[in-house]
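Next come the chains, spelled out residue by residue.
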Amino acid sequence: MGTGKSKGTMFGNFDLGNALRLVGNTIPGSGPVNQNKMLDPTNQIILDSMIPGFTIIRQLFMNYFRLDITSIVTKIIFAAVVIHGSGAIWEAIKQFMFKYCFSSVSIPVSDRLNREVLLWMSTHVVEKGSRHLAAQSSKSDGECSSGSYRFSSLSRLRRYNPADFDERTPAVKYLPTLGTQWFWHRGRPFMFTKTNSSVYGADRANGAGEITLSCLGRNPEPLKRFLQDCKEFDKKGKEFLITVHTRGDYSQLWSEPILKPSRALNTVDMDDDVKKSLIDDLSDYLHPSSRQAYGRRGVPYRRGYLFYGPPGTGKTSMCLALAGHFKLELYTLSGYGVKDDELSKMFAALPPKCMILLEDIDSAGITRERMGETPSTTTTATTTTTSSKKRDAAARSGITLSGLLNAFDGTTSQEGRVLVMTSNTPETLDRALVRPGRIDRQVYFGPVSRRSAEAIFLRMFSSDSDVDKGKDGSAAAVQHPKWRSEPGVGEEELGALAVRFAELVPEGRVSPAELQGFLLDHKRPVEAVEMVQAWVREVLGAGEGSVEWARQKEEAKKSVMSATTPKVMESEGLGEVRIQKEEKGVTGWRLKGVLHRVKMDAADGRSRNQGIMAVSLDIKNGNRR
Ligand SMILES: Nc1ncnc2c1ncn2[C@@H]1O[C@H](COP(=O)(O)OP(=O)(O)OP(=O)(O)O)[C@@H](O)[C@H]1O
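Reading the values: rules and limits
Residues numbered from 1 in each chain as written. Predicted model: local features only at pLDDT ≥ 70, side-chain atom pairs only at ≥ 80, totals over all residues. Heavy atoms only, no water. Helix = DSSP H or I, 4+ residues; strand = E, 2+ residues; numbered from the N terminus. Buried < 20%, exposed > 50% of the residue type's maximum accessible area, 1.4 Å probe, protein only. Contact = heavy atoms within 4.5 Å. Areas by Shrake-Rupley, 256 points an atom, 1.4 Å probe, with all protein chains shown as cover. pLDDT = per-residue confidence, 0-100. Pairing = 2+ DSSP bridges. Axes fitted to C-alpha atoms, helices over the stretch in contact; angles between N-to-C directions. Phe/Tyr/Trp six-rings, centres within 6.5 Å; stacked < 30°, edge-to-face > 60°. Salt bridge = Lys/Arg side-chain N within 4 Å of Asp/Glu carboxyl O. Patch = residues over 30% accessible without salt bridge, like charges linked within 9 Å, V, L, I, M, F, W, Y side chains within 5 Å. Core = buried A, V, L, I, M, F, W, Y, C linked by side-chain atoms within 4.5 Å. Near = heavy atom within 4 Å. Polar contact = N/O pair within 3.5 Å; in protein donor to acceptor, adjacent residues only side chain to side chain.

**Side note on the overall build of the protein chain**
- Along its length, the protein chain carries 21 helices and 18 strands.
- Considering the protein chain as a whole, with its 625 residues, one finds that 44% of them fall into the buried category.
- Relative to all contacts within the protein chain whose residues are 6 or more apart in sequence, the contacts with residues 24 or more apart total 70%.
- Working note: accessible area of the protein chain is about 32400 Å², and carbon and sulfur atoms make up 55% of it.

Following this line, the structure appears as C-alpha cells:
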C-alpha cells in the first residue's frame, strides 16, 4: 500500500515510480510537445498493458490533434490510484479506530430490542431530518409493520390523525434504512448501522436488519444507557397499548406482537366487589415478592382463572383490561388445530411473566376419549352422537385433556404466567381441567344489572373527553360528530336519562354486548331511551346464544335437578345436567341430556363423571336466530 502498488486488478502491474516520472515529464510547461518524442519503453509497456493499444491511440492524437495524451492519461491513472489507495487506508484507519477506540453492541433481528432501537431512531433521528429513510405504510388501526414486527408506536405518540385511519391511503412511517447513520445521544456521538447480510426470508423482504451500535470510548456504559433509554421510550409509548400474540404460522409458535389499545378496567362492567377481589388477587400474585414466597412454600408459581358466563358478558374484555392494567403481554389461543406436542412447545415458549387466554375452552373439543378414558355414562343414542361429535372436534383440534394438562403443569411450562380460560358452559368442562391449582378462581360474568345498564349508558354518551379522562387522564383528541349531539342534554339531564334507561332494561335478561349493540345503533340519548322498550321486547324473544336463552336453559336444568334429586338416592356427588341434543318443538325447544354424578376414583384420586339418568327439559318460546 505504502509503495503505491495497488491491490485492485486494474492496477496490478502499475509502477508508481515510473508513473511519477511520467507525470513529471509531462507536466504542462515542462517543454513543447514533440511529435516525434518516443515514450520510455518501460512506460510504454506499462501504459499498453493497462490500456491496450495506447501507443497507437497516442500516435493518432499526435498526428491529428498535435496532442500528447500521455500526460492526461497518466494523471487520471495517478488520481485513481490515490483515491483507491486512500479508500483502503481510510478503511484500515477506521477498523483500527473501531477496534481500539470504540465500544459497540450488536442486536439480532429477532430480538425485541431491535424493534425498540428502531423506534427510538425513527422518532429521534429519522423523523427529525434524515435524508435516507426506509418508508412503510401503517395499518388502519395504527399498526405498522417493521421487519417481522408490527407496531404502531409512531402513530400512538401523535395526536389523532384521520390519515392513520384511512384504509385506502394508510399513513407512511419512516424508519432508518440499511447502512450507517450518526446521531447524538446525551452529548455523545453514536453510530447506528443496519445490515441485512445475515437476514433471510420474510424479515429480509420486510427490510429488517441486524443493528450494530457504536460509540466513542472503550467504556460500553453509554451504549448500555442508550439501550435502557430505548426500552424506556418503548415502554412509555406502550402505556395505553397491550401486546397481543396469537398462534404463529409456519415455523413460529406465537405470532409477532400486535399492539392493541388497552381497555380501561372501568369500562368493563361487572359486580364491583367481584371486580375488586379479582384485581386484588392478581396484584397479590404479581407482587415482586410472590415468586419467592410461592417457591419457599413449594407451591408452583402459577395462577389460573376461569371466566364463565353467557356470550357477550365481558369475559374477553376483562382479560384485555387486566393485561393492560398489569402490563402483561397477552397470548391468546382459541384451541382449534393445535396438536398436543405443539401446545406443550407453545407453553414452554411463553415469557416468564405473561397472560395466556384460552378462549371458549368448552368448544375446543377436548375429551378424555382420545386418552382411552371413556367415562361410563348411560348408553343412549344421544350419548353416542355426542361422543362422536366430540371425537370429531377433538380430531380437528388435536388437543387431548392430558395434552392440555401437561402443557399447564409440565416441567417445561413457564412459571409466573397468568392463565385465563373462558367458557360459556363451564359445566361441560372436565373437573381435572378446572381443579384448584389449575384454576384458582372461577369468576361469573352475567347479564346487565340495573346499575351496569346505567353505567353503559353513561359511558356511551359521555363526551369523548370524559371517556378519555377515565382512561388515561389526557384531554380528548376528537369528538365524535354524532354521539350526544342533542341540544339541551347536559350532564344532569344525561344522568336522569341514564336512570330512566336502566329502569326500562329488565335486570339479568340481556348481555352487555347486546345493550352495547343497541346503543351503537342509537347514538342519541333521548332516542335510545325512547326506543329501548321495543328493543327489549324483541331481544327477549331471542334465540339460541342470547342471554335469555342461557337463562331459561339454566332454570330448566335447575328444575330438573331439584325434581330428580330425591329420586336419585344419594344426592351427594350429584353433578350437573349436560345437554346433548336440542330439538325444535311446537312451543319452543326441547333439550335432551344426561344428569351426571361425580365420583372420585380411589385409585388415582381423580374425579370421574358418570351419567346416571337421561333427562329432557323445555325452553318455551325459544327460537333460533
Ligand atoms: N361487562 C361488560 N362491560 C362492558 N362491555 C362489555 C361487557 N360485556 C360485553 N361487553 C362488550 O361486548 C362486546 C363483547 O364482549 P366480550 O367479547 O368481552 O364478551 P365475551 O363474554 O368474551 O363473549 P364470548 O363468550 O362470546 O366470547 C365487547 O365489545 C364489549 O365491549
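This is not the end of the story, as more comes after the structure.
**Quick word on the environment of Pro447**
- Mapped onto the elements of the fold, Pro447 is located in the loop between strand 15 (441–444) and helix 16 (450–461).
- Distance from Pro447 to Val510, taken between C-alpha atoms, is 5.4 Å for residues 63 residues apart in sequence.

**Observations concerning the confidence of the model for the protein chain**
- Summary statistics for the protein chain give a mean pLDDT of 75 and a share of 67% for residues scoring 70 or more.
- No element of the protein chain has a lower mean pLDDT than strand 4 (residues 149–151), at 37, and none a higher one than strand 11 (residues 303–308), at 94.
- Low pLDDT (under 50) marks residues 26–33, which in the prediction has eight contacts with non-local residues, meaning those over four places away or in another chain.
- Segment residues 468–478: pLDDT under 50, and 20 contacts once partners within four positions in sequence are set aside and those in other chains are kept.
- Interface confidence for the predicted complex, expressed as ipTM, amounts to 0.98; the pTM equals 0.61.

**Let's talk about the sheet that holds strand 8 (residues 210–216)**
- Judged by pairing direction, the sheet is antiparallel, and its four strands sit side by side in the order 1-8-7-6 without closing on themselves. On the outer flanks of this sheet lie strand 1 (102–107) and strand 6 (179–185), each paired with one strand and no other. With strand direction ignored, the average angle separating the axes of adjacent strands in the sheet is 20°.
- Bridge count for strand 7 (residues 188–195) against strand 8 is six bridges, and the pairing is antiparallel. What sits directly across from Phe192, in strand 8, is Leu213.
- Packed onto the sheet, helix 4 (residues 70–101) meets strand 1, strand 7 and strand 8 and runs at close to 90° relative to strand 1.
- With respect to the sheet, helix 8 (residues 221–237) is in contact with strand 1, strand 6, strand 7 and strand 8, its orientation differing from that of strand 8 by roughly 130°.

**Considerations on the packing of aromatic side chains**
- Summed over all chains, the structure comprises 20 aromatic pairs.
- Between the aromatic rings of Phe307 and Phe445, the centroid separation amounts to 5.0 Å while the plane-to-plane angle is 50°, which identifies the pairing as tilted. In this pair, Phe307 sits in strand 11 while Phe445 sits in the loop between strand 15 and helix 16, placing the two residues 138 residues apart along the sequence.
- Exposure remark for Phe445: the relative accessible area of 1% places this residue in the buried category.
- For the pair Tyr308 and Tyr444, a centre-to-centre distance of 5.4 Å together with 50° between the ring planes defines the contact as tilted. In this pair, Tyr308 is assigned in strand 11 and Tyr444 in strand 15, connecting sequence segments 136 residues apart.
- For Tyr308, a relative accessible area of 22% corresponds to the partly exposed category.
- Tyr444 gets classed as partly exposed once you look at its relative accessible area, which sits at 43%.
- Three or more aromatic residues link up through ring pairs in this structure, and these residues are Phe457, Phe461, Phe501, Phe518 and Trp535.

**So, the pattern of salt bridges**
- With the rule as written, the count across this model stands at 14 salt bridges.
- We note a salt bridge from Lys231 to Glu116, for which the minimum N-O separation is 2.9 Å. Note that Lys231 is positioned in helix 8 and Glu116 in helix 5 (residues 112–126), a separation of 115 residues in sequence.
- Taking the shortest distance from any N to any O, the salt bridge between Asp281 and Arg303 comes out at 2.9 Å. On the criterion of sequence distance, the pair formed by Asp281 in helix 9 (residues 272–286) and Arg303 in strand 11 is long-range, its members being 22 residues apart.
- Residue class for Asp281 comes out buried when judged on its relative accessible area of 12%.

**Concerning the sheet that holds strand 10 (residues 258–261)**
- A sheet is described by the order of its strands in space; here seven strands give the open sequence 10-9-12-13-14-11-15, paired in mixed fashion. Bordering the open sheet on either side are strand 10 and strand 15, each of which pairs with just one other strand. Ignoring strand direction, the axes of neighbouring strands in this sheet form an average angle of 25°.

**With respect to the environment of Ile107**
- Residue position: Ile107 is located in strand 1.
- According to the relative accessible area criterion, Ile107 is buried, its value standing at 3%.
- Separated by 105 residues in sequence, Ile107 and Thr212 have C-alpha atoms that sit 6.2 Å apart.
- Sequence-distant contacts of Ile107, that is, excluding residues within four places in its chain, are made with Leu113, Asn114, Val117, Glu210, Ile211, Leu213 and Leu227.

**A short note on a nonpolar patch on the surface**
- A contiguous nonpolar surface patch, about 770 Å² in accessible area, is contributed by Ile56, Leu60, Tyr64, Phe65, Leu67, Ile72 and Ile76.
- Going through the elements one at a time, helix 3 (54–65) and helix 4 are the ones with two or more residues in the nonpolar patch.
- Sorting elements by how many residues they give to the nonpolar patch places helix 3 first, with four residues.
- By the secondary structure assignment, Phe65 is in helix 3.

**Some details on the nonpolar core**
- Judged by nonpolar contacts, the single largest core of 28 residues is most densely connected at Leu282, Phe307, Met318, Leu322, Met355 and Val418.
- Grouped together as the second largest cluster of nonpolar side chains are 26 residues, Leu306, Leu358, Leu404 and Phe408 included.

**Concerning the site of the ligand**
- Close contacts around the ligand come from 16 residues, with Arg263, Asp269, Lys315, Thr316 and Ser317 the closest.
- One of the backbone nitrogen or oxygen atoms of Gly312 is found 2.9 Å away from an oxygen atom of the ligand.
- A distance of 2.6 Å is found between an oxygen atom of the ligand and a side-chain nitrogen or oxygen belonging to Ser317.
- Bound to the protein, the ligand loses 81% of the 620 Å² it would expose on its own.

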